[in-house]
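Letter by letter, the chains look like this.
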Amino acid sequence: MEKNFRLRFAPSPTGPLHIGGARSALFNYLLAKKNGGTFIVRMEDTDLERSSKESEENIKASLRWLGMDWDEGIDVGGDYGPYRQMERLDIYNEAVQKLIDEGKAYYCFCSEEELAKEKEEQQARGELPKYSGKCRHLSKEECERRIAAGEKPVVRFHVPEGETVVVDDLVRGEVHFETDGIGDFIIVKSDGIPVYNFAVVMDDHTMGITHVIRGEEHLSNTPRQIVLYDALGYEQPRFAHISLILGRDNEGKLTKMSKRHGSTSVVAYKEQGYLPEAIDNFLALLGWAPGGEKELFTLEELKQNFSLEHVSKSPAVFDIEKLKWINGMYIRNASGERLLEYGLPYLKKAGFVSEEPSTEEMIWAMSVIDVLKTHISSFAELPELIRHYRGEIFYRDEVLAEMKEHKEEVLTVLKAMKEKLERNPKIAVDSYKKLLKEISKETGIKGRPLYHSLRVAKTGEEQGPDLDKLSVIIGRDLMLERLKKFIKMFQRMD
Ligand code: GLU
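All values reported here derive from a predicted model rather than from experimental measurement.

### Notes on the nonpolar core
Moving on, step 1. The biggest cluster of nonpolar side chains holds 140 residues, and the ones touching the most others in it are Ile187 and Phe198.
Moving on, step 2. Excluding anything up to four places from it in sequence, Ile187 contacts Val96, Leu99, Ala105, Val155, Arg156, Phe157, Pro194, Val195, Phe198 and Leu228.
Moving on, step 3. In terms of nonpolar packing, the next biggest core, distinct from the first, is built from 6 residues, Tyr106, Cys108, Cys135 and Val154 among them.

### Regarding the pairing of strand β9 (residues 211–215)
For a regular strand, the rule is simple: side chains alternate between the two faces of the sheet.
Moving on, step 1. With respect to burial, β9 is a largely interior element, 5 of its 5 residues being buried.
Moving on, step 2. In this structure, β9 lies alongside strand β10 (residues 238–242), joined through 5 bridges in parallel fashion. Counterpart to Val212 in the pairing with β10 is Phe239.
Moving on, step 3. The parallel pair β9 and β10 is bridged by helix α7 (residues 222–232), and the resulting crossover is right-handed.

### Looking at the packing of aromatic side chains
Pairs of aromatic rings are described using the distance from one ring centre to the other and the angle between the two planes.
Moving on, step 1. A complete count under the given rule lists 12 aromatic pairs for this structure.
Moving on, step 2. With centroids separated by 5.0 Å and ring planes inclined at 85 degrees, the aromatic side chains of Phe282 and Phe318 adopt a geometry described as edge-to-face. Taken together, the residues span a long stretch of sequence, with Phe282 in helix α9 (residues 276–284) and Phe318 in the loop between β13 (316–317) and α11 (320–333) at a distance of 36 residues. Both residues of the pair, Phe282 and Phe318, count as buried.
Moving on, step 3. Taken together, a centroid distance of 5.4 Å and an interplanar angle of 20 degrees make the contact between Phe486 and Phe490 stacked. Residue Phe486 and its partner Phe490 are both found in helix α20 (residues 476–492); the two are separated by 4 residues, about one turn of the helix. You'll find Phe486 and Phe490 in the same group, each marked buried.
Moving on, step 4. In textbook terms, an aromatic cluster arises when at least three aromatic residues are bridged by ring pairs, as seen for Phe27, Trp288, Phe297 and Phe306.

### Points about the sheet that holds strand β12 (residues 254–256)
Strands in a sheet are paired, the pairing made by backbone hydrogen bonds, and the direction either parallel or antiparallel.
Moving on, step 1. With mixed pairing, the 3 strands of this open sheet are ordered in space as β12-β11-β13. Since the sheet does not close on itself, it has two edges, and those belong to β12 and β13, each with one partner.
Moving on, step 2. As defined by bridge partners, strand β11 (residues 245–248) adjoins β13 across 2 bridges and the pair is classed as parallel. Residue pairing in the sheet places Leu246 in a bridge with Val317 of β13.

### With respect to the site of the ligand
Moving on, step 1. By nearness alone, every residue bordering the ligand is listed as Arg8, Ala10, Pro11, Ser12, Glu44, Tyr196, Val200, Arg214 and His218.
Moving on, step 2. Ala10 is positioned such that a nitrogen or oxygen atom in its backbone is 2.9 Å from a nitrogen atom of the ligand.
Moving on, step 3. Here the residues of the shell around the ligand sort into 4 nonpolar, 2 polar and 3 charged.

### So, the packing of helix α6 (residues 196–206) against α7
Moving on, step 1. Where α6 meets α7, the axes come as close as 9 Å, and the angle between the chain directions of the two elements is 55 degrees. Considering their axes alone, α6 and α7 lie oblique with respect to each other. The two elements α6 and α7 meet at a crossing, and its hand is right-handed. Taken together, the residues of α7 that come into contact with α6 (itself represented by Tyr196, Asn197, Phe198, Val200, Val201, Met202, Asp204 and His205) are Arg224, Gln225, Leu228, Tyr229 and Leu232.
Moving on, step 2. A per-class count over the contact of α6 with α7 returns 8 nonpolar, 3 polar and 2 charged.

### Concerning the sheet that holds strand β5 (residues 154–157)
Moving on, step 1. An order of β4-β5-β8 is seen for the 3 strands of this open sheet, with the pairing classed as antiparallel. The open sheet has two free edges, formed respectively by β4 (105–108) and β8 (186–188), since each of these has just one partner strand. For this sheet, the mean inter-axis angle between neighbouring strands, taken without regard to orientation, is 45 degrees.
Moving on, step 2. As paired elements, β5 and β8 share 2 bridges and run antiparallel to each other. Looking across to β8, one finds that Val155 is bridged to Val188.
Moving on, step 3. Its contacts with the sheet put helix α3 (residues 89–101) on β4, β5 and β8, and the angle it makes with β4 is roughly 95 degrees.

Calculation notes
Residues numbered from 1 in each chain as written. Predicted model: local features only at pLDDT ≥ 70, side-chain atom pairs only at ≥ 80, totals over all residues. Heavy atoms only, no water. Core = buried A, V, L, I, M, F, W, Y, C linked by side-chain atoms within 4.5 Å. Buried < 20%, exposed > 50% of the residue type's maximum accessible area, 1.4 Å probe, protein only. Contact = heavy atoms within 4.5 Å. Helix = DSSP H or I, 4+ residues; strand = E, 2+ residues; numbered from the N terminus. Pairing = 2+ DSSP bridges. Right-handed = clockwise from strand over helix to strand, strands pointing away. Phe/Tyr/Trp six-rings, centres within 6.5 Å; stacked < 30°, edge-to-face > 60°. Near = heavy atom within 4 Å. Polar contact = N/O pair within 3.5 Å; in protein donor to acceptor, adjacent residues only side chain to side chain. Nonpolar A, V, L, I, M, F, W, Y, C, P; charged D, E, K, R; others polar. Axes fitted to C-alpha atoms, helices over the stretch in contact; angles between N-to-C directions. Parallel < 35°, antiparallel > 145°, perpendicular 65-115°, else oblique. Left-handed = near helix turned anticlockwise from the far one by under 90°.

Function-wise, these values are silent; they only describe arrangement.
Structure representation (structure tokens):
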């Protein structure tokens, strides 16, 4: 029987959660969920200089925002903790000692100068630089004496010679590595802290991880981890290395996604007004090809449909236009409540509503967002769009000239609207349609002569959203002001 799926996301808390990290997390999360398994989040915090609490908080908050709640790990606990590497040093030390006792790892006292010299000489001979194994044969007594005298050695793993390591990758198939190319690598630094390749093996083993999905940049670490699994007598998890994410630069060239291509952190996209479900959907498609026409998948649908068989090994291209399109689709389908939750902060920031909005402001905000939701691909575009309709307006001569042909009709419509607005200082946002009908009935003017004059007077433009919707955006007061000015100007024209 297949073991219970246990997958993990093991970021280093050395910065905010990046798009690439979020995609790795998502693929692990989805495979766990698809198979009724467990998703674990733990921290690889052994880089003391670069790790920070702030980064850890950012990563956790980003994961939660994206809906990837973990079943086990930091904060939530579980049977396999602790879930931060710096709290697991005892576990690592015990295993390192065992490897040393069995002659599979050894203390190395070589200084940096010695190592640099060795490397230089190897390069001069045209060899690939790797540790010579000089300290491999030091006696136990000598090691003990030197440690007692205050020397601080590293611990190196004795890599078996002449072997081929096969990474049987679920995405890339079999990838072969020769152990002779590896060289005895450090597993514990001189400060007693284990390196990534060792700690990750210990964590994955002791936590019963069944599948490791991570970025392609880790593929070259995997043979090191596999020789450690073998030496420790542990069963390997299944590995899946997912492709790099590439971005297109200004000249259209594809290179590894970086800040040059735009924002890379999840929070930045949150701040730019993207919905988490759109980000999840977009990230899933960075490598996973569901087949068929369907491109929009909720997290729930992703959990049901995701599989590694449909993950491509070719690089994924980060296409911001696609993200915008997906986000726009989710915005169109979002509930009014959700739209307000996401849109309101932008309206506040731009000063369209106050920090503590009144009921009227809230109603206005809701209606405006509802009107504009089909015109935006992210909430950050809202203020600009509103400003577009509420900012300075211009009347083009040829448009005015055409209107002059029906001067009386135009003035009748505009004056009727002006009077209605004057009589309705608190006009409800949903009553503009009714107002237009009333004007049409009272004046007997309908169709283009009615709508065109009002549209031009209110916006200076001949096209745009429906008139009743536009009225909501512009608002009663500004609309009245514009109508008065226009009527005055129009009357003076001959
Ligand atoms: N801390 C590593 C990273 O953030 C984890 C790699 C792994 O998943 O094994 O890239």
